[in-house]
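# Coordinate inspection notes
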Amino acid sequence: MLWLLALIILAGILAYRKASIHWSTLAIGGLLTAYLLTAEKLSSSHLSLWMTYLIAFIPLNVIPLRQKLISHWLFVLMKNALPPMSQTEREALEAGNTWWDAELFSGNPNWDVLQNLPPAKFSKEEQSFIDGPVETLCAMLNDWDITYNRKDLPDEVWDYIKTQKFCGMMIPKKYGGLEFSESAHSEVVMKISSRSTTAAVTVMVPNSLGPAKLLLNYGTEEQKNYYLPRLANGEEIPAFALTGPHAGSDAGAMPDTGIVCYGKFKGQDKVLGIKLNWEKRYITLGPIATVLGLAFKLYDPDHLLGDKEYIGITAALIPTNTPGVSIGRRHYPLDSAFQNGPNWGKDVFIPMDWIIGGAAQVGNGWKMLMQCLTTGRAISLPALSVGASKLTCRNTGAYARIRKQFNLPIGEFEGIEEVLARMAGETYILDAARQVTNAALDQGEKPAVISAILKYELTERMRRVVNDGMDIQGGSGICLGAKNYLGRMYQVIPVSITVEGANILTRTMMIFGQGAIRCHPYVQQEMAAITEGNLEAFDKLFFQHIGHWGHNKAACIWLGLTNARFLSTPGDRETKRYYRQIARLSVGFALLADYALLTLGGSLKRKERISGRFADVLANLYLCSCVLKHYQNQGSQKDERPLVHWACQESIYRAQQALEDILTKLPFKWVTGMLSGVIFPLGKPNKPAKESLIHPIAAVLTGDNPARDRLTKGIYINDNPDDPTGRIETALIAVLAATPVEAKIKLAQKQKILPKGETSALLNEAIEKQIISQQEADLIRIAEKARFNAISVDDFSEQELLG
Ligand SMILES: Cc1cc2nc3c(=O)[nH]c(=O)nc-3n(C[C@H](O)[C@H](O)[C@H](O)COP(=O)(O)OP(=O)(O)OC[C@H]3O[C@@H](n4cnc5c(N)ncnc54)[C@H](O)[C@@H]3O)c2cc1C
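Residues numbered from 1 in each chain as written. Predicted model: local features only at pLDDT ≥ 70, side-chain atom pairs only at ≥ 80, totals over all residues. Heavy atoms only, no water.

The next point concerns the overall build of the protein chain. Broken down by element type, the protein chain carries 32 helices and nine strands. At 31 Å, the protein chain has a C-alpha radius of gyration in line with the 28 Å of a compact globule built from 803 residues. For the C-alpha atoms alone, the extent of the protein chain along its principal axes is close to 105 × 90 × 45 Å. Per-residue burial for the protein chain yields a buried fraction of 56% across its 803 residues. Counted over contacts in the protein chain with a minimum sequence separation of 6, partners at least 24 positions apart contribute 76%. (Helix = DSSP H or I, 4+ residues; strand = E, 2+ residues; numbered from the N terminus. Rg over C-alpha atoms; globule rule 2.2 N^0.38 Å. Buried < 20%, exposed > 50% of the residue type's maximum accessible area, 1.4 Å probe, protein only. Contact = heavy atoms within 4.5 Å.)

The next subject is the site of the ligand. Near the ligand you find 22 residues, and of these F240, T243, S249, Y282 and E608 are the closest. Computed on the free molecule, the ligand has an accessible area of 970 Å², of which 68% lies beneath the protein chains in the complex. Those elements that place two or more of their residues in the shell around the ligand are strand 1 (238-241), strand 3 (268-284), helix 19 (487-498) and helix 20 (503-518). Take the shell around the ligand: its biggest share by element is four residues, from helix 20. Among the residues forming the shell around the ligand, the class breakdown is 13 nonpolar, seven polar and two charged. (Near = heavy atom within 4 Å. Areas by Shrake-Rupley, 256 points an atom, 1.4 Å probe, with all protein chains shown as cover. Nonpolar A, V, L, I, M, F, W, Y, C, P; charged D, E, K, R; others polar.)

Looking now at empty space enclosed by the protein. Taken as a whole, this structure holds four cavities of 30 Å³ or more when the rule is applied. Of the volumes computed, that of the largest cavity is approximately 50 Å³. What lines the largest cavity is simply D143, T147, T197, T198, L334, D335, S336, R488, Q491 and V492. Elements that contribute at least two residues to the lining of the largest cavity include exactly helix 9 (143-150), helix 12 (197-207) and helix 19. (1 Å grid on protein atoms, 1.4 Å probe; cavity = no way out; pocket = protein on both sides within 12 Å on 5 of 7 lines; lining within 4 Å. Points joined across faces, edges and corners; volume = space filled by probe spheres on them.)

This part takes up the nonpolar core. Note that soluble globular proteins tend to have their nonpolar side chains buried in a common cluster. In terms of nonpolar packing, the biggest core is built from 195 residues, with F166, I192 and Y622 touching the most fellow members. Those residues in contact with Y622 that sit more than four places away from it in its chain are W99, W100, L104, T437, I450, I453 and L454. One finds L231, A232, A315 and C372 within the second-largest nonpolar core, a separate group that totals 30 residues. (Core = buried A, V, L, I, M, F, W, Y, C linked by side-chain atoms within 4.5 Å.)

Moving on, we come to the pairing of strand 4 (residues 291-299). Within strand 4, eight of the nine residues are buried, leaving the element largely enclosed by the surrounding structure. Of the pairings in the sheet, the one linking strand 1 to strand 4 comprises four bridges and is parallel in character. Note that in strand 4 the partner of F240 across the bridge is G293. Judged from the three bridges that link them, strand 2 (residues 257-265) and strand 4 form a sheet pairing that is parallel. Bridge pairing in strand 4 places I259 opposite Y299. (Pairing = 2+ DSSP bridges.)

What follows concerns the layout of surface pockets. Think of a ball as big as a water molecule: rolled over the atoms, this probe shows where empty space is left. The volume enclosed by the second largest pocket comes to roughly 800 Å³. Taken together, 25 residues line the second largest pocket, and the ones lying closest to its centre are A19, S20, I21, S24 and G547. Where the lining of the second largest pocket is concerned, the elements lending two or more residues are helix 1 (2-16), helix 2 (21-38), helix 3 (44-61), helix 4 (63-81) and helix 22 (535-562). By residue number, the principal contributor to the lining of the second largest pocket is helix 22, which donates eight residues. Classifying every residue of the lining of the second largest pocket gives 14 nonpolar, eight polar and three charged.

Before going further, it helps to examine the pattern of salt bridges. Across all of its chains, the model carries 39 salt bridges by this definition. Here R66 ties to D539 by a salt bridge, and the two come within 2.7 Å at their closest N and O atoms. With R66 in helix 4 and D539 in helix 22, the pair connects residues that are 473 residues apart, well separated along the chain. Residues R66 and D539 agree in their burial class; the two are buried. Between R781 and D778 there is a salt bridge, with its nearest N and O atoms 3.2 Å apart. Placement of the pair is R781 and D778 together in helix 31 (residues 774-791), with a separation of three residues, close to one helical turn. Given the relative accessible area of 35%, R781 is considered partly exposed. Among the charged side chains, a salt-bridge network with shared partners connects E426, E457, R461, R464, E650 and R654. (Salt bridge = Lys/Arg side-chain N within 4 Å of Asp/Glu carboxyl O.)

For the rest of this paragraph, the subject is the packing of helix 5 (residues 87-94) against helix 15 (residues 365-402). Packed helix pairs are specified by the crossing angle of their axes together with the interaxial distance, meaning the distance between the axes. Across the interface, helix 5 lies against helix 15 with an axial gap of 8 Å and an inter-helix angle of 30°. Between helix 5 and helix 15, the crossing angle belongs to the class labelled roughly parallel. Both helix 5 and helix 15 take part in a crossing whose hand is right-handed. Residues T88, E91, A92 and E94 of helix 5 pack against W366, K367, M370 and Q371 of helix 15. For the contact of helix 5 with helix 15, the per-class residue count stands at three nonpolar, two polar and three charged. (Axes fitted to C-alpha atoms, helices over the stretch in contact; angles between N-to-C directions. Parallel < 35°, antiparallel > 145°, perpendicular 65-115°, else oblique. Left-handed = near helix turned anticlockwise from the far one by under 90°.)

The next point concerns a positive patch on the surface. Taken together, the side chains of R606, K607, R609, K665 and K669 make up a positively charged region of the molecular surface. Here K665 is to be found in helix 25 (residues 641-665). Assessed through its relative accessible area of 33%, K665 is described here as partly exposed. (Patch = residues over 30% accessible without salt bridge, like charges linked within 9 Å, V, L, I, M, F, W, Y side chains within 5 Å. Lys, Arg positive; Asp, Glu negative; His and termini not counted. Charge placed at Lys NZ, Arg CZ, Asp CG, Glu CD.)

Next up on the list: the packing of aromatic side chains. One pass over the structure, following the stated rule, counts 24 aromatic pairs. Plain terms: the ring middles of F265 and W354 are 5.5 Å apart, the flat faces sit at 90° to each other, and that makes the pair edge-to-face. In this pair, F265 is assigned in strand 2 and W354 in the loop between strand 7 (340-351) and helix 15, connecting sequence segments 89 residues apart. In this structure W354 comes out as buried when scored by relative accessible area, which is 18%. An aromatic cluster is built from F75, F538, F542 and F543, whose rings are joined through pairwise contacts. Directly above the ring of F543 sits R66, whose terminal nitrogen or CZ lies 4.2 Å from the centroid. Taking NZ or CZ as reference, K270 lies 4.4 Å from the ring centre of Y262, over its face. (Phe/Tyr/Trp six-rings, centres within 6.5 Å; stacked < 30°, edge-to-face > 60°. Lys NZ or Arg CZ within 6 Å of the ring centre and 35° of its normal.)

Have a look at this one:
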């Protein structure tokens, strides 16, 4: 038994240290020799041990033999099992690159990758744009007027957006744009979104998938020189038209066609071009666009371009005044007022040089879109979500301090505190993920899986924060009108959830479906080796993969038994344990990912309840890493610690629970039972965020303090008492200033010097009895007036409502 134990420990050490097959053979051979030498008498069972050892290890060490006896069979098996992949699937899979996501997937994250990422910084120009034109634009925006009265931005706002080049943030200066970093771009969208979703979406679209990005990456010089300056100064309004009635999430299945043919164009009788027919819907800025970036399937039935009949998805720029183009009426997306609508084209003839990148880029449209969407997903909607969450936290937190029920600020009730803590904790996570990811994008990373994580997680969590805000605001959130800062935001949430990859699909298909292949240290290379028929490469990768699996198993047990206490990670006294738990859970994740791939193979694609939970593990580990990095970037501020603890404890707990959930859903219960023992040998150590964190976090939101200012930094803040948020800001300051005076009156009531009743009704008596001064009484009067102003709601005449 002791020798058997020694063998298990030795195998564990070899696996943990990722020892090569040669070293493992020698070490296990050495142990076996020692066992035989100490035996009193050699028997036939000893001989059979030697035989087993030789049969197992000789083929593993003699590579040609190994290839013939093992790898060849696996190669054939996997080749047959590999699900067929369409071109659009392959191009989506190959878009962008991997970054910290691949480290988490490896089960052994190299923290230097994250530690060496410099925090995002704005240039002087970017900062002055944020403090200048963005602030001015926000001050010009009256969301109620935009969404209720006008159903559009006012002319002066449109003009300002165009002249200040809000639509050209990512266009280089040489083409007349602002050439901002992704971080600055995100900061601008975030601030505007805290004022008006309509304006934010209007600015967002030209800077994300609007054809400018496609032109920059793939356009011909001629196209860039013509379009980019016009897009930068708003002379051209772009829209990107991909979705149609029959192709939504599965946009690659669009029925829109282009046929290569000769046609008449600008007075010429025989121009080589494309005859287009399409029907699109939901196109943002479509109703006012001057140029459409159109995606369609290109066919060449007369072989005018070459041998292929179906060329592939292609993207072209179509001026909307081209004969045959119809711009339809407007959709009305949930009471928001950004321009959105259908458009279609009937036998529209375009020359080949309207294709983005010219004739050389025929059939590359899908690849172009996927590459550009990859980074786009990490910027616009996340910025919008963080803007909405910060706005909700700042104002609902203040409202909870201002609003009184049962003679107490509602923010002091435990039920409300719990909700406030959740809102603030989530917002801390959201902003950390936004800032850290933007910093990576600024360094040139294009992490596809991370951008899907950001799109999904940030929009979902924003939905929860805004919902929580609505609960706390009560009737003042529900009754719409010029005074309500939150109702419109609440109404428009599903737009963020649906666009740029609807969330259910993003979670279940993109994050893990793509991640399992892109981020896995071996799977994509193994698949490539199989596709290329390269047995040698497959053999090498496969045995490295086995070593990786063995390492993860040993690491899981060791880290589980020690709770990762001896693992070397960054972090201080406050945070080290979280770094360790991330590392520990990432090994469990890597182990289960391999098991899922092994047992489910290609069918994992359809097991969305499993892949969705894998996505949750990866996302929570990523978000938690961002929180730790963000905390460090912010100078490890003491007053932020409750938020950091909440964010880390919740994320780690959710990752752990998702792992547990996966174990219940994977096949072969006896194996998953064993795997559960390997991943959690001493049970599950992580719990939801501690109760003791709730009060200090809620206090961040209900007070006027630096932690609150940092948490909500970057949104539009004003102190105009007639503004929907300005009235809450001013009321909070007034209410806080009056708090010590209220306390004096309450004490006097307790001591029976003053009678029971409303503070405001006792002011004169309190002055007479010298409990408070005249100035102190004025503080209470000012606070009461501001409080009433902050809690008031709009009302309308019947006629006003009917319009
Ligand atoms: C306001 C707004 C603005 C838009 N702007 C533009 C634009 O500018 N340009 C443009 O081209 N498009 C635009 N879109 C289109 C947008 O990208 C699509 O709405 C989106 O792709 C989803 O398509 P769908 O609405 O047809 O929903 P569907 O594709 O019908 O999806 C319905 C539901 O099914 C789920 N689902 C689908 N497939 C799967 C799957 N395999 N697994 C799990 N769940 C799945 C989705 O997640 C979703 O929840 C916009 C849409 C809206 C609403």
